[in-house]
Amino acid sequence: MRGALAWPFMRLYLLTLFYFSSNSILNVIIPLKGESLGASNSTIGIVMGAYLFTTMFLRPWAGQVIYRQGPVKMLRIILIINALALSLYTITGLGGYFFARMLQGVCTAFFSMSLQLGIIDSLPEKDRSQGISMYSLCASMPGVIGPFLALNIWESGNMSVFSITIISMAVLTGAFGFSATMEAPDKRPLPQQADRQGSFSQLFTNPHLFLCSILMLGSSVIFGGVTTFIPLYAGQVQHASAALYLMLQAGTIVAARFFLRKKIPSDGKWHPAFIKAVILALTAASLCTGLSGYGGFVVFYCGALLMGLAQAMLYPTLTTYLTFALPESNRNVLIGLFIAMADLGVSLGGVLLGPVADLLSYSWMYILCAMLGSGLFLFISSQQLKLK
């Protein structure tokens, strides 16, 4: 096998799969645990959002720390911290969960940046979209089985099974990761502080980065709302299952990112019709999810399928486009800022939508997400002329 499916890259994809397996369980257990303890949706959203909110702040500097310390050394440190964070879930309550989510956020900032930028730097241009899609695919694959496993653990009432499962995942990830080897990157000068500040300003001055970041931020708010509150909302939809929703969503992501990976544009051009179709699917997914309280479980699961399709296509498409559109001199830093916008969006999906659910309802919260999707659809048209 060559290109994005060569063995060195397959090894990185497998490590990604192991690393993110625990989150597929925690994304279901934490909201259910919080609700059982009497926590509000706002509190649950803050605990869930702490993970990627921490990741967002650390991403822009993660690449430079990895450069100084070396990728293998940093990977091993990350895996130790990750094991510590996962162990906290087995011995603490909701307050400990918040701290554990922050520790996981620290780990993910370094883990995902090193792997994604390594894939981008190592693959030829024609294979970039496939490499990014495969990474995203393996990060999503645990979501196919994890929610079902988590719901069974919760319904059994035996949290010792949860502890054994989480600790086992930490050990497996550590054992696989500690044996990994990576070539050191070519020596390049580190960016100065002024350059980093200039890079941050390009979030607003660079039309390519601005457009992609706004689309990713708004879409990620919707993705975060699904991840955080579907385990709680599903109980209000007759004959609906949160585990099945999340499994259908993740299964669609996995299937689309594998079978449609060659359909993702990788020519460096902006494809507004393709992006609009993805945003339209996201908007329809939010609307189906919100209206399922009235339309029933069939509408509920249609929302899952459309949500998975949108999530599968949006991130690798925008990331691939930016690898061509951004200046090579500070491309990695700017992509780090773009990924930070995705992290911020998912975090805000829990933090901001939690109070909305408390004040209105879960259904209205997802209908408002559909309105946000409609706004993003119009935003693409308004920004299109600036890219020409």
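Everything that follows concerns the structure shown earlier in this document.
Attention here is on the structure that accompanies the text.

About the cut-offs
- Residues numbered from 1 in each chain as written.
- Predicted model: local features only at pLDDT ≥ 70, side-chain atom pairs only at ≥ 80, totals over all residues.
- Heavy atoms only, no water.
- Phe/Tyr/Trp six-rings, centres within 6.5 Å; stacked < 30°, edge-to-face > 60°.
- Helix = DSSP H or I, 4+ residues; strand = E, 2+ residues; numbered from the N terminus.
- Buried < 20%, exposed > 50% of the residue type's maximum accessible area, 1.4 Å probe, protein only.
- Axes fitted to C-alpha atoms, helices over the stretch in contact; angles between N-to-C directions.
- Parallel < 35°, antiparallel > 145°, perpendicular 65-115°, else oblique.
- Left-handed = near helix turned anticlockwise from the far one by under 90°.
- Contact = heavy atoms within 4.5 Å.
- Nonpolar A, V, L, I, M, F, W, Y, C, P; charged D, E, K, R; others polar.

### Focus: the packing of aromatic side chains
Here the structure, examined in full by the defined rule, presents 16 aromatic pairs. With 4.1 Å between their ring centres and 10° between their planes, tyrosine 19 and phenylalanine 111 make a pair best called stacked. With tyrosine 19 in helix H1 (residues 7-36) and phenylalanine 111 in helix H4 (residues 94-122), this residue pair connects regions lying 92 residues apart in the sequence. For phenylalanine 111, a relative accessible area of 0% puts it in the buried group. An angle of 80° between the planes, with centres 5.1 Å apart, marks the rings of phenylalanine 53 and phenylalanine 57 as edge-to-face. Here phenylalanine 57 and phenylalanine 53 lie together in helix H2 (residues 41-69), a separation of four residues that amounts to about one turn.

### Let's talk about the packing of H1 against helix H5 (residues 128-140)
Geometry of a packed helix pair, given as the angle between the helix axes and the separation of the axes. At a closest axis distance of 7 Å, the pairing of H1 and H5 adopts a crossing angle of 30°. Considering the angle they form, H1 stands roughly parallel to H5. For the element pair H1 and H5, the recorded crossing hand is right-handed. On H5, the residues touching Tyr13, Thr16, Leu17 and Phe20 of H1 are Gly131, Met134, Tyr135, Cys138 and Ala139. In the contact of H1 with H5, the residues fall into seven nonpolar, two polar and no charged.

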